[in-house]
Amino acid sequence: MNLAPARSAAFGALLAVDRGSWSAEALAIKSEQLDSRDAGLASDVVFGVLRRRGQLDAFTQHYTDRDPATFDPGVRTALQMAFYQLHFLDRVPPHAIVNDAVELTRRSGKPQAAAMVNAVLRRCLREPWKARESLATPYWISARWTARYGAPVALAIAHASLNVPERFIRVGRATPPEGAEPTEIPGCFRLHAGSSEGLRFQDIGSQSVVRLMDLRTGQSFLDLCAAPGNKTAQAMESGVHAMACELHFSRAQMLHSLGIPVFLADATMPLPLSRRFDRILADVPCSGTGTLARTPEIKWRLEAADIPDLARRQAAILRNGLALLAPGGRLIYSTCSLEREENEDVVRASGAKILETMTRIPGQDSGDGFFAAVLTV
């Protein structure tokens with residue numbers, strides 16, 4: 001039986017994500033040979049399934065009376081893909097969705113499950129049922145947001161995480177492309193239409209962090225956790241003398257290829273630098289709960305116990321950054337997390353003087369969720 005290339009690529013990408021890959025990287029690899037139309041469908045399916053995985057598993061449980069976690073990963077993924085397309089896409093005929101789900105099950109090494117998948121999906125077509133949208137976000141995450149922000153805001157955050165993110169680009173001093181709309185952040189444009197080839201994508205929340213630094217030509221600038229380098233490149237537009245710190249060699253190579261001076265070091269440890277810097281950026285590794293629309297696999301990987309460990313690492317990075325800050329200088333501490341333990345608690349515990357804070361919340365503000373604090377010593 002022929003199998004639609006888009007669904008084959010999506011299936012492979014989702015299984016790779018289950019094995020630990022990041023969605024964007026897995027999808028790029030699996031979609032490399034697809035035309036633009038098939039690549040678009042594969043992307044819709046991969047990110048749609050990851051955003052709504054809990055909701056899609058509820059469909060499986062409803063129609064099979066079995067815990068989806070007990071299914072073989074290939075069978076579970078084939079069902080998730082089919083339920084997503086049947087309930088949230090209207091561009092593919094139902095019979096094609098069912099047939100491809102059966103074929104994916106066979107090709108995943110579980111041919112004995114193909115008849116079950118066929119029967120389950122045909123029952124779904126005969127007996128429509130709707131899974132609650134709230135199931136698309138793990139309860140423990142929703143509960144944290146409700147406790148912190150209140151139920152209406154928590155609901156808006158969760159709903160925003162199910163939508164395709166807006167596209168923002170960094171133009172700087174260049175001429176913006178056709179179809180780009182300026183935002184309140186200088187050099188940041190919202191891209192509505194047109195080709196994306198050669199454009200520098202950077203979320204508006206990310207771009208809003210650098211402008212807090214009050215950068216001026218000739219200042220010394222250190223980025224403690226620099227990859228992928230978007231914020232450092234944005235800072236260099238102001239004529240600062242930049243230096244970047246990166247833990248991983250492959251990512252340091254990427255920074256070097258962008259013309260960013262970089263050295264290898266673990267910023268959770270005291271850094272081997274004798275000089276002090278006028279401006280320091282500590283955009284620390286975090287839970288990423290402000291980016292669930294863009295990296296939805298985080299919802300299914302993150303555990304509550306991870307947050308205190310992240311906070312300890314973040315506190316160490318901030319402490320080492322403050323030790324390198326020149327008198328009267330500014331350090332920006334930032335995360336793409338919505339969690340208090342990674343944001344306000346880390347900043348307050350540092351003992352530094354807080355000049356300003358910024359919070360961006362999905363569903364209320366454009367783009368990803370971000371927290372930033374401007375500190376001095």
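Residues numbered from 1 in each chain as written. Predicted model: local features only at pLDDT ≥ 70, side-chain atom pairs only at ≥ 80, totals over all residues. Heavy atoms only, no water.

**Q** Requested: an account of the overall build of the chain, with residues and values cited.
**A** A count of helical and extended segments in the chain gives 15 helices and 10 strands. A compact globule built from 377 residues should have a C-alpha radius of gyration of about 21 Å, and the chain, at 23 Å, falls within 12% of that. Across its three principal directions, the C-alpha atoms of the chain cover 70 × 45 × 35 Å. Here the chain, with 377 residues, has 52% of them falling under the buried criterion. Taken as a whole, the chain presents about 17300 Å² of accessible surface, with 52% of it coming from carbon and sulfur. In the chain, which carries 43 positive and 40 negative side-chain charges, the distance between the mean positions of the two groups comes to 1 Å. (Helix = DSSP H or I, 4+ residues; strand = E, 2+ residues; numbered from the N terminus. Rg over C-alpha atoms; globule rule 2.2 N^0.38 Å. Buried < 20%, exposed > 50% of the residue type's maximum accessible area, 1.4 Å probe, protein only. Areas by Shrake-Rupley, 256 points an atom, 1.4 Å probe, with all protein chains shown as cover. Lys, Arg positive; Asp, Glu negative; His and termini not counted. Charge placed at Lys NZ, Arg CZ, Asp CG, Glu CD.)

**Q** So what's going on with the layout of surface pockets? Residues and values would help.
**A** What the second largest pocket holds in volume is close to 300 Å³. Put simply, the parts of the chain that give the lining of the second largest pocket at least two residues each are α8 (139-149) and α9 (151-160). When residues of the lining of the second largest pocket are assigned to their parent elements, the largest contribution, 5 residues, is made by α9. When grouped by side-chain class, the residues that make up the lining of the second largest pocket number 9 nonpolar, 6 polar and 2 charged. (1 Å grid on protein atoms, 1.4 Å probe; cavity = no way out; pocket = protein on both sides within 12 Å on 5 of 7 lines; lining within 4 Å. Points joined across faces, edges and corners; volume = space filled by probe spheres on them. Nonpolar A, V, L, I, M, F, W, Y, C, P; charged D, E, K, R; others polar.)

**Q** Got a sec to walk through the sheet that holds strand β1 (residues 167-170)? Specific residues and values, please.
**A** Backbone-to-backbone hydrogen bonds join strands into a sheet, with any given pair of strands oriented parallel or antiparallel. Taken together, 3 strands build an open sheet; the order of strands is β1-β3-β2 and the sheet is antiparallel. Each edge of the open sheet carries a strand with a single partner, namely β1 and β2 (180-182). When the angles between neighbouring strand axes are averaged without regard to direction, this sheet yields 40°. Strand direction decides the pairing type here: β2 and strand β3 (residues 188-191), joined by 3 bridges, are antiparallel. (Pairing = 2+ DSSP bridges. Axes fitted to C-alpha atoms, helices over the stretch in contact; angles between N-to-C directions.)

**Q** I'd love a proper account of the nonpolar core, names of residues and values included.
**A** In this structure, L79, M81, F83 and L121 are the most contacted members of the largest nonpolar core, which totals 48 residues. Those elements that place two or more of their residues in this core are α1 (5-18), α2 (23-30), α3 (36-51), α4 (53-64), α5 (73-88), α6 (94-107) and α7 (114-126). Among the elements that take part in this core, α1 stands out by supplying 9 residues, more than any other. (Core = buried A, V, L, I, M, F, W, Y, C linked by side-chain atoms within 4.5 Å.)

**Q** Just give me the short version of the packing of aromatic side chains, but keep the residues and values in it.
**A** Enumeration over the complete set of coordinates arrives at 4 aromatic pairs. On the numbers, 5.4 Å between centres and 20° between planes, the contact of F59 with F83 is stacked. Taken together, the residues F59 in helix α4 and F83 in helix α5 connect sequence positions 24 residues apart. On the accessibility criterion, F83 (0% relative accessible area) is buried. (Phe/Tyr/Trp six-rings, centres within 6.5 Å; stacked < 30°, edge-to-face > 60°.)

**Q** Which residues make up the side chain of R7, and what values go with them?
**A** Mapping R7 onto the fold places it in helix α1. Taking the relative accessible area as the measure of exposure, R7 reaches 5% and is therefore buried. Each residue touching R7, except ones within four places of it in the same chain, is listed here: L41, M81, Q85, V92, A96, D100 and L104. (Contact = heavy atoms within 4.5 Å.)

**Q** Explain α8 to me, and be specific about the residues and the numbers.
**A** The set of residues buried in α8 consists of I141, S142 and W145. Relative to the axis of α8, the buried residues are bounded by an arc of 95° and lie together on one face. Residues Y139 and A147 are exposed on α8 and point more than 90 degrees away from its buried face. Looking one or two residues beyond α8, the residue adopting positive phi is G150, at roughly 95°. (Arc of directions from axis to C-beta.)

**Q** Just give me the short version of the sheet that holds strand β6 (residues 262-264), but keep the residues and values in it.
**A** Strand order in the open sheet made by the 7 strands is β6-β5-β4-β7-β8-β10-β9, with mixed pairing throughout. At either margin of the open sheet sits one strand with a lone partner, and together these are β6 and β9 (353-360). Taken pair by pair, the neighbouring strands of this sheet meet at an average axis angle of 15°, ignoring direction. Relative to strand β10 (residues 370-376), β9 runs antiparallel, the two being bridged by 7 bridges. Paired with K353 across the two strands is T376, which belongs to β10. Of the strands in this sheet, β5 (241-246) and β6 touch helix α12 (residues 249-257), which is tilted by about 170° from β6.

**Q** Pulling in residues and values, what's your account of the pattern of salt bridges?
**A** On inspection of all chains with the given rule, the structure shows 22 salt bridges. With its nearest N and O atoms 2.5 Å apart, the salt bridge here joins D57 to R76. Residue D57 is located in helix α4, and its partner R76 is located in helix α5; the two are separated by 19 residues in the primary sequence. Take R76: its relative accessible area is 26%, and that puts it in the partly exposed class. Between E103 and R107 there is a salt bridge, with the nearest N and O atoms lying 2.8 Å from each other. With E103 and R107 both in helix α6 and 4 residues apart, this pair spans about one turn of that helix. (Salt bridge = Lys/Arg side-chain N within 4 Å of Asp/Glu carboxyl O.)

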